[in-house]
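So you can see what is in the structure, the chains are spelled out below.
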Amino acid sequence: MKYNIETWPGGVGQALIDYHGNVPLEECDIFINCKHETQFELLYKAAELKKRIINIGSHASDYTHRDRYAVEKKALREANHQLFSNGINTTIINFGYFDSPRTEKRTDKKMSIEYCCYIINWVLQQPHRIKEITVCE
């Protein structure tokens, strides 16, 4: 399998790149959407190319406060549901806090990057489509 992983340095996406490598979107079998600043543009492009898509969402999308990150992840969740309902093989994985550069100042209990990568790989191995899964510490 060939992967295209869009991410910031560090975190889950970087760990996946280190393990699987990274190819251009047009050449990949699986698109992993980790970089929330460009998540919609790339998501719809991957859907048009009929790629298998894993969106890295956030448990923050369950919250009702006005945090921009939570609102953007909620929008990603809705886009995932729309595409899934239209036959696209897309999954959103809503993680709680995991140990990454973005959460280094948080004192909450965090999942390891390795565990998050394990969950992503587990989803990819399932014989049936999974629309959404939430994993929290």
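Now for a look at the structure at hand.

## Some details on the nonpolar core
In this structure, Ile32, Phe95 and Ile120 are the most contacted members of the largest nonpolar core, which totals 20 residues. Taken together, the elements giving at least two residues each to this core come down to β1 (3-6), α1 (11-20), β2 (30-33), β3 (52-58), β4 (90-95) and α4 (113-125). With 6 residues, the single largest contributor to this core is α4. Ile120 has contacts with Val12, Leu16, Ile32, Ile54, Ile56, Ile93 and Phe95, leaving out every residue within four places of it along the chain. Leu25, Cys28, Leu43 and Ala47 belong to the second-largest nonpolar core, a separate cluster that totals 13 residues.

## So, the side chain of Asn55
Relative to the helices and strands, Asn55 is located in strand β3. At a separation of 2.9 Å, a polar atom in the side chain of Asn55 contacts the side chain of Asn33. Excluding residues that lie within four positions of it along the chain, Asn55 makes contacts with Asn33, Leu43, Leu76, Asn80, Thr90, Thr91, Ile92 and Ile93.

## Things to note about unusual backbone geometry
We note that Lys50 has phi near 60°; this positive angle belongs to a residue other than glycine. Topologically, Lys50 is positioned in the loop between α2 (39-48) and β3.

## A look at the packing of aromatic side chains
Each pair of aromatic rings is reported with the distance of its centres and the angle of its planes. In total, this model carries 1 aromatic pair according to the counting rule given. A cation over an aromatic ring shows up here: Arg129 above the ring of Phe84, its NZ or CZ 3.7 Å from the ring centre.

## What to know about the pattern of salt bridges
Taken as a whole, this structure holds 2 salt bridges when the rule is applied. Its salt-bridge partner being Arg77, residue Glu132 comes within 2.4 Å of it at the nearest N-O pair. Here the residue Glu132 occupies a position in strand β5 (residues 132-135), and Arg77 occupies one in helix α3 (residues 68-85), the gap between them amounting to 55 residues. According to the relative accessible area criterion, Glu132 is partly exposed, its value standing at 24%. Arg77 sits in the buried class, given a relative accessible area of 11%.

## A few points about the environment of Ala79
In this fold, Ala79 is placed in helix α3. Separated by 11 residues in sequence, Ala79 and Thr90 have C-alpha atoms that sit 9.9 Å apart. Not counting residues within four places of it along the chain, the set of residues in contact with Ala79 comprises Phe40, Leu43 and Tyr44.

## Observations regarding the sheet that holds β5
Strand order in the open sheet formed by 5 strands is β1-β2-β3-β4-β5, with parallel pairing between adjacent strands. Of all the strands in the sheet, the pair left with one neighbour each is β1 and β5. Within this sheet the neighbouring strands show an average axis-to-axis angle of 15°, counted without direction. Relative to β5, β4 runs parallel, the two being bridged by 4 bridges. Within β5, the position partnered with Ile92 by the bridge is Glu132. Of the strands in this sheet, β1, β2 and β3 touch α2, which is tilted by about 165° from β2.

Rules behind the numbers
Residues numbered from 1 in each chain as written. Predicted model: local features only at pLDDT ≥ 70, side-chain atom pairs only at ≥ 80, totals over all residues. Heavy atoms only, no water. Core = buried A, V, L, I, M, F, W, Y, C linked by side-chain atoms within 4.5 Å. Buried < 20%, exposed > 50% of the residue type's maximum accessible area, 1.4 Å probe, protein only. Helix = DSSP H or I, 4+ residues; strand = E, 2+ residues; numbered from the N terminus. Contact = heavy atoms within 4.5 Å. Polar contact = N/O pair within 3.5 Å; in protein donor to acceptor, adjacent residues only side chain to side chain. Phe/Tyr/Trp six-rings, centres within 6.5 Å; stacked < 30°, edge-to-face > 60°. Lys NZ or Arg CZ within 6 Å of the ring centre and 35° of its normal. Salt bridge = Lys/Arg side-chain N within 4 Å of Asp/Glu carboxyl O. Pairing = 2+ DSSP bridges. Axes fitted to C-alpha atoms, helices over the stretch in contact; angles between N-to-C directions.

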